[in-house]
Structure formats: structure tokens, C-alpha cells
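A structural walkthrough
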Amino acid sequence: MTPGSWPFTGRAAQLAEIRSASRGVVVAGPPGTGKSRLVAQAVHGVDGVAWARATAAAAEIPLGAFAPLLPSTPPAGNPLGWAAAALRAPVLVVDDAHLLDSASAALVHHLVTRGGTRVIATLRSGTPVPDAVLALWKDDLVPRLELEPFSPEETAAVLEAALGGQVESATVARLWRVSQGNALYLRELVLSGVLTEDDGLWRWHGPLTITPTLRETIAGRIGDLTAQERKALELLAYGEPLGVDLLAALGSLDTVQRLEDRQLVTVQPDGRRLQVRLAHPLHGEVIRDGCGVLRARTMMRRLAEAVSEAGLRRREDVLRVAVWRLDGGMTGDPELLLAGCERARVVRDLDLAVRLGRAAVAAGGGTSALAALATVLYYSDRNAEAEEVFATIWEAEMDDMARTDLGVQRALNLAVGLGDVARAHAVLDETTRLVRDVHARQGTSIMRAVLAVLAGDIAAAEELLARARRSGPLSTHGERMMTGAEAAVMVARGQAAECLSRAEDIRAGLAKEPVAMRSLAAAMTEHGTNAALLLGDLDTAERLAGEGYGLDGEFGTWTRAILQFGTLRARVLRMRGRLGDALARARDTVARLPARSVFAGSCLGELAHAYALLGDVAAAEEALARAEATGVPVGPSVVVPLRSARAWTLAGRGDVAGAVELCLETAESALPCDVPFALHDVVRLGRPGLVSPRLAALDVEGPLVALFARHAAARDGAELDAVSAGFERLGLLLYAAEAAAQAAARYRESGLTRGARAAETRAWRLSQRCQGARTPALVDLDVPGLTPRQREIAVLAAQGLTNREIAERLVVSIRTVANTLYAIYDKTGVNDRAGLAALLDRPTG
């Protein structure tokens, strides 16, 4: 991609406002937001546009910005009148109007008040402007349009337009954080080559690269600095945010104030303190680029010493000082490095946590440092390496609680990381044998229960949890472990309402904790999301899945959260019938899969499922083959998504009987929470009699399962119509469309032609909102029974044209139009133009 190929996209409302401003408009915004590009787009194709570009150099000369537009020699007398008479362009664009000299500013003001010239001016917000320019909007002569940086959503749209393909959501988030929505910076980041395309998905790879253009632009924005100003900016570049008092002690308060006045730093309250940050993240990149190794070390040592002397009063101080000391080449303090490693793990900066853990080991941190390193390697999905470290310290002497923590983490790494459930149980067996403390033994029992749920043995999990409770009061940590395990059992049992309520209560309590407990929060959020899906509460499921995805934090290194909640978000979208969006989300998530993972089953299963429902059977089969090669089938949560996707892939191949058989087999081995979906798939595939009694007998809570049972039991078109309406109320549009299509078939079997047409129309209308769904129930749907001429007239009527207007356009009689519309209404089951508009998804005029 080249700078000239960067497309203009978005800003539709702002474009419309500029184009509709009859007298002109002032477009204001921070540097790099695309003011000039927006105005250029607004006047593109307009005849008689003149451009004046103000600069600091041109401001030294009266009317300097307009020199290229004026005759070379001004007459004596009234220069303003002479210049206004010479400028006869119907549209005048004045770029960077805040830099105009007073004579040029007066000319702009005069042209606006005189009329006849539409003046569009851009200026930098937060910068002093000439009085004559200020008066343009202050005196209501023209409106002022504030152009804000791109939002994250706008950033995604711009990137996809520029790159011509889907951009991974984590990459969009990172680009937005780094650019802060600045259009110029965003473009230069993309041009730097940090993005690479893999199978149609663009992702960030490697370190941030600053292009020469970007470096020069930012350096120009920073401008000339005194020695004290540069020192303050360098300290911020390596240490932001810094308290005002600390920064002033390392330099001077006057320096900080000057930098704030120049908008090079921001000062914001944080509790009782004032925190100073650089005005833009990329300023720090450029400032650090300008520091040599020795100067960088000096800055970090000063920061470490200053914050240490202040007493490490904030939770983040331990992490920051540990990093500064490490990067500054200071002697390693194993306790500090170990504390920093733990803090980095808590905030999920896992790459940094691993680095600090290794440094703690190298500094002589011993068993504690090795245990911490093994744990963060597990969180970082470096599971084989984590097991090596766990094994190294397994025989070391430690107290019962440390032994239990080590055993639990090692078992999790073996089961969830490496898929070796048998060895995980062996580790827990040995841990139980080695400890005597009641709380320690309770911890191993709870972890056994977690593994039992993973394997699908709910009864064993319940017995293990009951045994742990009978053995005595739980510790605070044990109670939290128990809470997560009990919620997992609840949702697996199908006790969805109770699980969702428990999850929401626990999450609310965790939000008040001074130290984030992201693992427990993630577990409760996952269980709550699954419970909401089982209840058919898609809004809650979507909210929880989004919040769970956000638990990864700003560093993008907690892959497990991205995989779990990315897959759940894709599932919510699929159940909503937004299949194209579900496919995009699933592809985005699968891009983060490691070479071999327990999560391959759920992630690739969701991807294959979306492909199959969209009719792309080859792509579905490819995803399933990849899952077979890279997945670890440790239990139903891994296997069931793949079997469900395979069933719909078979259906897409035309093997509906094989698909039904696979769904029935899946229902026999699935967890209770998954059984309703497997059985309902049989109904969707047209074999309700095979599962109706089982669906009616299920002991699973919620309106969705009740609606599944009602769908299976429906015996006529009217009942299926009611089921379709029920699904639509829950937001399950694909299910609603399929039920409506089945209703149409049942009406036809009963000879009820009009009912069949209405149901088929409803099914078609709903299917159009499912982004290309091609399931067996929907594959033959089209706008029901319309001839080409009828469709042509229907489209025009849906757009709001009268019968006379349609007749004139098509050169037919008004009577012909009226008769055709009557036939259309009869075939489609709608009664008026509004109904046609809804049917055809077209706005009325």
C-alpha cells in the first residue's frame, strides 16, 4: 500500500454538513484528524474551488496565504477591497486558518459577510486564532464543525476499507490505542508494515515501527525543547504516568506547566493525585528513539530511585520499579522482581510477567521464583515449557499451601494446557498424599471436581465438592475456588437461572476487590454467558461475552480469554442469525489459536458451524480437519461443538439422515446443558417426531428449552407460526425463519394456500436478516412466487411510488399496476406498500 492509495471512508455526517453549509463552515479538530482530507472530499467535483493554505512563514506577509490567488501587484488604497474583488471563486477553502495573518483573516471575514463566496476553513482546535476568524462562528456567521479522532468502530471501518479485508479485532484495538484515532498516525502505522495478511485476516506482527514521515510529523508537533523540557518528556516516555510532584522533584513545576500549555502533556486527577502523561502515545515512541542506551538507563534509574524513596505506595509502583531497575541495569532484587512478576500476571501483561519471572530466577529467587515462572508460562500458553519448570521444583521442600498451589497450577497446565488429564489426576493424587492441612486437601478436591466437569462426569464433580465442604470450613481462597466449581456444575446440569444469578453476584463482588481476580472473574463470566444462552437471553449473553473478552486487558497476551470469549461471542451472533458476523468473529478468534490447544474444538467448531450454515461446506470441512489435527479432545465441551458443526456440514452436503443420526448420538453423550441444542437440531432438520418426547421431558430451566419442546411438538402450520414468533421475540432469527418455513410446508400439506404463502413470506423476510443462511429448511426460499414483472412492480411500490408513477415509469396502464399489486398481495400475504417494504427490506419513500 502507498500513501496515495489510502481511501477516504466514513465521516458521512460531517461530509453532509459541509456540503449543505450554504455560506460556509469552519472545520476544527486536533492535528492529524483529517480535516483537510475531509474538506477536499467535500468539494471534490465542485467547480470553481480556490485553495489558500496558511503557514507560519506566509503569516509574516500581509495576505501572504492568498498570494497565489491574487494579482502580483496590489494597487494603492484599499487592499482588502482589492483582494475581495480579485477573489471571485464560488468556493474558497482556507486550510490552517489559525495561522492566518490579520489581513488574511480580515479578508476571510469580509468574504463571508459580503456573500457570494462559500468559505470553508480548517483550523487546529485548542490553538489561538485571529479575532476575525473567531468571529466567524462566535457571531453565528457560519457553523463550527468539531472533527473528533476516529472511534474504535470507525478505526475498524477505515482499516478494512484501506486493506480490503477483515482486520483482527485485537489488532484494531491496538492500532486505535497507539494512534488514539488520529487519521494521519493510523495511516502511517499501516504503511510501516506492521500488519500482515494470513488467510484473508490482517494481524499485527512484530514491534511497532515508526516511519520517517511519522517521526518527522511528531517531531514537528513536539517542536523545539529546552533541556529541562526534553528531560521531563524523556522521564514520561519511560515512566508515564508520573505524579506531578514526582516529576517536579525530578525537574521543575514550571517545566511541567510549560509542557501542559504547549499541549505536549496532559495533567489529569487520579484520586488525590495529579498524574502527568504524554499528549499522545506515539510521542513516547519518538522520544525514546532519540535516546541512546546510556541516557535511557539513566532515566530509568532515576525513576526507580525516586519512586522507591517515595515508598512504593501504589500497587503499580512495585511493577514499575521492578521493570525500571531491570531495564536500567541495576542489581537484581529477587523479592522485588517476584512481586513485579505477580503484579504483571494480575494485570495480564504476561510477556512482561515471564520476563520478570526469569529475572527473579536468575537473581537467586529459588523455588518461589521458579513456581511463579511456571505459573505465568502456563497463563501464556507456553505449556510444555511450564511443565518442565513445574517438574524441576516438584521435589522441593515447601509448606502444604504452597504445595497445593503448585499442584493445582500444574494439574491445570497438564489438563487444560496439554490435554493430559490422566497426568493431571496423578499430580493431584500425589499432592493430596503429601499434604495434611485441611484447606490444602480441600483445594485438591475442588480441582478434581473441575477436572470432572471438564471430562463430563457431573456426578463425580458434585461428590468431590460435597466432600470438600464436609471436611470443614473453607478458607477465603478455597471458598472462591468452590464458587467457580459450583457454578460450572450448575450450568452443566442445566440450572441456568441459578447459575446466572450466582455469576452476576460474584462478578459484582469481584468488581469491588482492590486486586483484580481475573481468573475467577473469567470463570464466572463464562458460566454466566453459557447460562444466559441456555435461557435464550441473548442480550445478557452478548454483554457477558463482551466483558469476558475485555478481561484480556490492553496487552493482548491472555490468549485463553480471547479464545473462550471470542468463541462465545461468535456463538451469540450465530444464534441471533447474524451468520456473516458470526463467521467474521470466529475467524478472528481462530487466528489466535496456538499450534495445539484444548480450545481448538470449541473455536474451530464454531468456525465450521458458521461456514456450514452459510453453505460453504468445503470451508467447514477444512476447519473440522484442522480441529482433528490440532485439538485435544478432553471432554464434552471440546467434542460437542465439533460434532454439532459436523452434523450441519453433513446437512450441507445433502446427507440430512446422517446429520440427524449424528445429532442423536451427540445428545446421548453431551452434558445436560448441551442436550437441548442437539435435540433441537433434529427438529430444525425436519425430524421432530424422533425427539419430541425427550425434549418435553428435559429437566432444564428456561423459556428457550420450553420453546424447543413446543417446536418439536407442533403439528400444524398455526402452531409452527406461533413457535416462529416466539423465536423472533427472543432474537433467534434463524430459528424463527426455519420454523416459519416449516409452517409454510405444513400449511401446503393441509391445502391452506393463503396460510402457506404468508408463512413462506415471513420465512423469506426473516431469512434475509440471517446474512446468507442456507440450511435445509431455507434453501429453496425466494420472494414467494413472484414473476419478474411482479417483482419489478413490487420493488417500485415498496419504494413508495404511486400506481400512476409506476405506470408512467414502466409504460403500462394504471389498471395493470393495480391488478398486479393485488396479485402480489395475494401471493405474499402482505396487505400494503409498508408490508412490501418490510418484505423486500427497502425503505418506503
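Described in the following lines is the structure provided in the data block. All values derive from a computational prediction rather than experimental measurement.

**Section: the overall build of the protein**
When helices and strands are counted, the protein shows 43 helices and 11 strands. Its C-alpha atoms put the protein at 100 × 95 × 40 Å along the principal axes. In the protein, buried positions account for 52% of the 845 residues. Of the accessible surface of the protein, which amounts to about 36100 Å², a share of 52% is contributed by carbon and sulfur atoms.

**A few points about the pattern of salt bridges**
By the definition in use, this model includes 46 salt bridges. Through salt bridges that share partners, Glu-387, Arg-410, Asp-420 and Arg-423 make up one connected network.

**Details of the pairing of strand E2 (residues 49-53)**
A one-sided burial pattern is seen for E2, the buried positions being Ala-50 and Ala-52 and the unburied ones Val-49, Trp-51 and Arg-53. Where E2 meets strand E3 (residues 91-95), five bridges bridge the pair, whose relative direction is parallel. When the sheet's bridge partners are listed, Arg-53 is paired in E3 with Asp-95. You can see the chain leave E2, run along helix H3 (residues 79-86) and come back into E3, and the turn it takes is right-handed.

**Some remarks on the environment of Glu-316**
Mapped onto the elements, Glu-316 comes out in helix H15 (residues 315-327). Glu-316 sits 206 residues away from Ala-522 along the chain, and the two C-alpha atoms are 22 Å apart.

**Remarks on the sheet that holds strand E8 (residues 201-204)**
Sheet strands pair by backbone hydrogen bonding; their relative direction is either parallel or antiparallel. Within the open sheet, the three strands sit side by side as E6-E8-E7. Their pairing is mixed. Whereas interior strands pair on both sides, the edge strands pair on one side only; in this sheet they are strand E6 (166-167) and strand E7 (195-198). Looking at chain direction, E7 and E8 are connected through four bridges and run antiparallel. Bridging across to E8, Glu-197 finds its partner in Trp-202. Where helix H7 (residues 169-179) meets the sheet, it contacts E6, E7 and E8, and its direction lies at approximately 45 degrees from that of E8.

**Structural notes on the nonpolar core**
One finds Phe-727 and Leu-836 to be the most contacted residues of the largest nonpolar core, which totals 237 residues. Apart from residues no more than four positions distant in its own chain, Phe-727 is found in contact with His-680, Leu-704, Leu-707, Phe-708, His-711, Leu-732, Tyr-735, Ala-736 and Ala-739. Val-26, Leu-70, Val-112 and Leu-123 belong to the second-largest nonpolar core, a separate cluster that totals 33 residues.

**With respect to the pairing of strand E1 (residues 24-29)**
Looking along a regular strand, one sees side chains alternate from face to face of the sheet. With six of six residues buried, E1 is to be regarded as a mostly interior element. Of the two faces of E1, the one carrying Gly-24, Val-26 and Ala-28 and the one carrying Val-25, Val-27 and Gly-29 are both buried. Bridge count between E1 and strand E4 (residues 118-124): six bridges; the pairing is parallel. Considered in E4, the bridge of Val-26 is made with Ala-121. One ladder, built from three bridges, connects E1 with strand E5 (residues 144-146); its direction is parallel. Along E5, the bridge assignment pairs Val-27 with Leu-145.

**Description of the side chain of Arg-560**
Positionally, Arg-560 belongs in helix H28 (residues 559-576). It turns out Arg-560 is buried and unbridged, and the closest side chain with the opposite charge, Asp-381, is 4.3 Å from it. There is a polar contact of 3.2 Å between the side chain of Arg-560 and the backbone oxygen of Tyr-378. Residues in contact with Arg-560, not counting those within four places in the same chain, are Tyr-378, Tyr-379, Asp-381 and Phe-599.

**Topic: the sheet that holds strand E10 (residues 265-270)**
Read across the open sheet, the three strands follow the order E9-E11-E10; overall the sheet is antiparallel. Each of the sheet's edge strands pairs with one partner strand only, and the pair in question is strand E9 (242-243) and E10.

**Concerning the side chain of Thr-375**
Counting through the fold element by element, Thr-375 comes out in helix H18 (residues 366-379). Looking at Thr-375, its side chain comes within polar contact range of the main-chain oxygen of Ala-371, at 3.0 Å. Look past the residues within four positions of Thr-375 in its chain and what remains in contact with it is Arg-345, Phe-390 and Gln-409.

**Section: the environment of Ser-750**
Turning to its location among the elements, Ser-750 is positioned in the loop between helix H38 (733-749) and helix H39 (753-767). Assessed through its relative accessible area of 51%, Ser-750 is described here as exposed. Ser-750 sits 33 residues away from Gly-717 along the chain, and the two C-alpha atoms are 8.6 Å apart. Separated by 3.1 Å, the side chain of Ser-750 and the backbone oxygen of Arg-746 make a polar contact.

**Overview of a negative patch on the surface**
Residues Glu-197, Asp-198, Asp-199 and Glu-622 make up a contiguous surface patch of negative charge. Along the chain, the position of Glu-197 falls in strand E7. A relative accessible area of 49% means that Glu-197 is categorised as partly exposed.

**Some details on unusual backbone geometry**
The omega torsion of the bond from Glu-240 to Pro-241 falls at -5 degrees, within 30 degrees of zero and hence cis. By the secondary structure assignment, Pro-241 is in the loop between helix H10 (227-239) and E9. Phi is positive for Arg-11, close to 60 degrees, though the residue is something other than glycine. Its place among the elements puts Arg-11 in the segment before helix H1 (12-20). The buried category is assigned to Arg-11, whose relative accessible area is 7%. Even without being a glycine, Val-811 presents a positive backbone phi close to 55 degrees. If you trace the backbone, Val-811 turns up in the loop between helix H41 (803-810) and helix H42 (814-828).

**A few points about helix H37 (residues 717-730)**
Compared with an ideal rise of 1.5 Å per residue, which puts 14 residues at 20 Å, H37 spans 20 Å between its outermost C-alpha atoms and is within 8% of the ideal. For H37, every residue scored as buried is listed here: Gly-717, Leu-720, Val-723, Ser-724, Gly-726 and Phe-727. Buried residues belonging to H37 abut helix H34 (675-684), helix H36 (703-713), H38 and H39. For H37, the capping residue at the N-terminal end is Asp-716, with a side-chain oxygen 3.2 Å from the backbone nitrogen of Ala-718. In the segment just after H37, Gly-731 is the residue with positive phi, at about 90 degrees.

**Here we look at the packing of H7 against helix H8 (residues 183-191)**
To characterise two packed helices, one gives the angle between the axes of the helices and the distance between these axes. Two numbers describe how H7 lies on H8: the axes approach to 9 Å, and their chain directions differ by 125 degrees. Taken as axis vectors, H7 and H8 run oblique relative to one another. Viewed along their axes, H7 and H8 form a crossing whose handedness is right-handed. Here Leu-175, Val-178 and Ser-179 of H7 come into contact with H8, specifically with Tyr-185, Leu-186 and Leu-189. A class-by-class count of the residues in the contact of H7 with H8 yields five nonpolar, one polar and no charged.

**What to know about the packing of aromatic side chains**
Centre-to-centre distance and the angle between the planes together describe a pair of aromatic rings. Counting across every chain of the model gives five aromatic pairs. Ring centres 6.2 Å apart and planes at 50 degrees place the aromatic pair Phe-708 and Phe-727 in the tilted group. Here Phe-727 lies in helix H37 and Phe-708 lies in helix H36, a separation of 19 residues in the sequence. Note on accessibility: Phe-708 and Phe-727 belong to one class, buried.

**As for the environment of His-205**
Along the chain, His-205 falls in the loop between E8 and helix H9 (212-222). Its relative accessible area of 39% is what places His-205 among the partly exposed residues. Counting along the chain gives 57 residues from His-205 to Glu-148, while the straight-line C-alpha distance between them is 28 Å. One polar contact links His-205 to Thr-196, side chain to side chain, over a distance of 3.3 Å.

What counts and what doesn't
Residues numbered from 1 in each chain as written. Predicted model: local features only at pLDDT ≥ 70, side-chain atom pairs only at ≥ 80, totals over all residues. Heavy atoms only, no water. Helix = DSSP H or I, 4+ residues; strand = E, 2+ residues; numbered from the N terminus. Buried < 20%, exposed > 50% of the residue type's maximum accessible area, 1.4 Å probe, protein only. Areas by Shrake-Rupley, 256 points an atom, 1.4 Å probe, with all protein chains shown as cover. Salt bridge = Lys/Arg side-chain N within 4 Å of Asp/Glu carboxyl O. Pairing = 2+ DSSP bridges. Right-handed = clockwise from strand over helix to strand, strands pointing away. Contact = heavy atoms within 4.5 Å. Axes fitted to C-alpha atoms, helices over the stretch in contact; angles between N-to-C directions. Core = buried A, V, L, I, M, F, W, Y, C linked by side-chain atoms within 4.5 Å. Lys, Arg positive; Asp, Glu negative; His and termini not counted. Polar contact = N/O pair within 3.5 Å; in protein donor to acceptor, adjacent residues only side chain to side chain. Patch = residues over 30% accessible without salt bridge, like charges linked within 9 Å, V, L, I, M, F, W, Y side chains within 5 Å. Charge placed at Lys NZ, Arg CZ, Asp CG, Glu CD. Expected span 1.5 Å × (residues − 1). Parallel < 35°, antiparallel > 145°, perpendicular 65-115°, else oblique. Left-handed = near helix turned anticlockwise from the far one by under 90°. Nonpolar A, V, L, I, M, F, W, Y, C, P; charged D, E, K, R; others polar. Phe/Tyr/Trp six-rings, centres within 6.5 Å; stacked < 30°, edge-to-face > 60°.

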